Amino acid sequence: MAYHGYICFISNYAKTVFENKKTPIKILEIGVDTGITLFSLNNNLNMLNTPFEYKGIDILIQPHIDIMKYTFLQANKNKIELIQENSLSYLEKCNEVFDIILIDGDHNYKTVIKELSYLDNISHKNTLVVCDDYFGRWSKKDLYYSEREAYQENKIATPKEESEKQGVGTAIDEFLQNNKYNVFTLFESGEPICLIKKENEIIGNKSEES
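First, a word on scope: everything that follows refers to the structure included in this document. On a predicted model such as this, the values are computed, not experimentally measured, just so you know. (Residues numbered from 1 in each chain as written. Predicted model: local features only at pLDDT ≥ 70, side-chain atom pairs only at ≥ 80, totals over all residues. Heavy atoms only, no water.)

1. Digging into the overall build of the protein chain
Looking only at helices and strands, the protein chain has 7 helices and 8 strands in total. Taken over the C-alpha atoms alone, the protein chain extends approximately 45 × 40 × 35 Å along its principal axes. Here the protein chain holds 210 residues, and the buried ones make up 54% of them. Taking all contacts inside the protein chain whose residues are at least 6 apart in sequence as the whole, residues at least 24 apart take part in 81%. The positive charge centre, built from 23 side chains, and the negative charge centre, built from 32, are 5 Å apart in the protein chain. (Helix = DSSP H or I, 4+ residues; strand = E, 2+ residues; numbered from the N terminus. Buried < 20%, exposed > 50% of the residue type's maximum accessible area, 1.4 Å probe, protein only. Contact = heavy atoms within 4.5 Å. Lys, Arg positive; Asp, Glu negative; His and termini not counted. Charge placed at Lys NZ, Arg CZ, Asp CG, Glu CD.)

Here it is in structure tokens:
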């Protein structure tokens with residue numbers, strides 16, 4: 001996912017976190033797709049001289065992404081790891097804490113609400129969480145990649161599950177009602193939204209309380 005105009009913001013946020021903690025930025029991307037976000041962040045963070053460790057999770061890592069990562073110029077000893085796995089099985093056993101978390105995997109209520117339930121385990125007070133598809137056609141309606149033709153033989157895709165509650169936006173709204181996060185968007189509706197813990201020291205009161 002490209003995250004539209006958010007890449008510069010994410011990159012600058014990462015630089016600020018790095019300047020505070022002095023260790024490489026840890027990035028988790030759920031839903032690598034064609035790799036546009038990875039390619040863009042790699043370029044931007046190199047230009048900002050911000051070292052990083054990136055983990056990309058997807059039920060299908062497209063071959064060109066794995067090949068392309070070896071062509072990147074690196075200003076620092078960055079680490080790029082691509083993991084072909086269901087996001088829920090990965091998060092269940094994950095014991096790492098990330099500075100940037102990008103969520104754009106399966107676009108349905110059940111998956112997203114479960115992914116969000118792991119946030120406290122994999123984040124710190126200044127972690128930036130960016131959720132795509134809060135607006136748009138999958139906001140209140142479910143999409144399971146297992147139903148798409150290209151993924152029907154994919155053994156790790158999550159099977160469709162009927163639910164009264166549907167959509168990415170529904171899951172995020174429910175999560176915000178029950179957790180201490182602020183939310184903000186950079187542009188007009190139709191863009192992703194960012195989730196920040198209320199004790200965040202970098203953005204603080206610039207975000208809207210939820």
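2. Here's the deal with the pattern of salt bridges
Using the criterion set out here, one finds 14 salt bridges in the structure. As a salt-bridge pair, lysine 26 and glutamate 96 come within 2.6 Å of each other at their nearest N and O atoms. In this pair, lysine 26 is assigned in strand E1 (residues 25–30) and glutamate 96 in the loop between helix H4 (87–93) and strand E4 (98–103), connecting sequence segments 70 residues apart. Across the salt bridge formed by lysine 165 and glutamate 174, the nearest N and O atoms sit 2.9 Å from each other. Looking at lysine 165, the relative accessible area reads 41%, which means it is partly exposed. On the accessibility criterion, glutamate 174 (21% relative accessible area) is partly exposed. A single salt-bridge network, built from bridges that share partners, covers Lys26, Lys55, Glu81 and Glu96. (Salt bridge = Lys/Arg side-chain N within 4 Å of Asp/Glu carboxyl O.)

3. Focus on the packing of helix H1 (residues 6–21) against helix H2 (residues 36–47)
Contact geometry of H1 with H2 gives a least axis separation of 10 Å together with a crossing angle of 50°. With respect to H2, the axis of H1 lies oblique. In terms of crossing hand, the pair formed by H1 and H2 is right-handed. Residues Ile7, Cys8, Ile10, Ser11 and Ala14 of H1 lie in contact with H2, whose contacting residues are Thr37, Ser40, Leu41, Asn44 and Leu45. Looking at side-chain class alone, the contact of H1 with H2 contains 6 nonpolar, 4 polar and no charged residues. (Axes fitted to C-alpha atoms, helices over the stretch in contact; angles between N-to-C directions. Parallel < 35°, antiparallel > 145°, perpendicular 65-115°, else oblique. Left-handed = near helix turned anticlockwise from the far one by under 90°. Nonpolar A, V, L, I, M, F, W, Y, C, P; charged D, E, K, R; others polar.)

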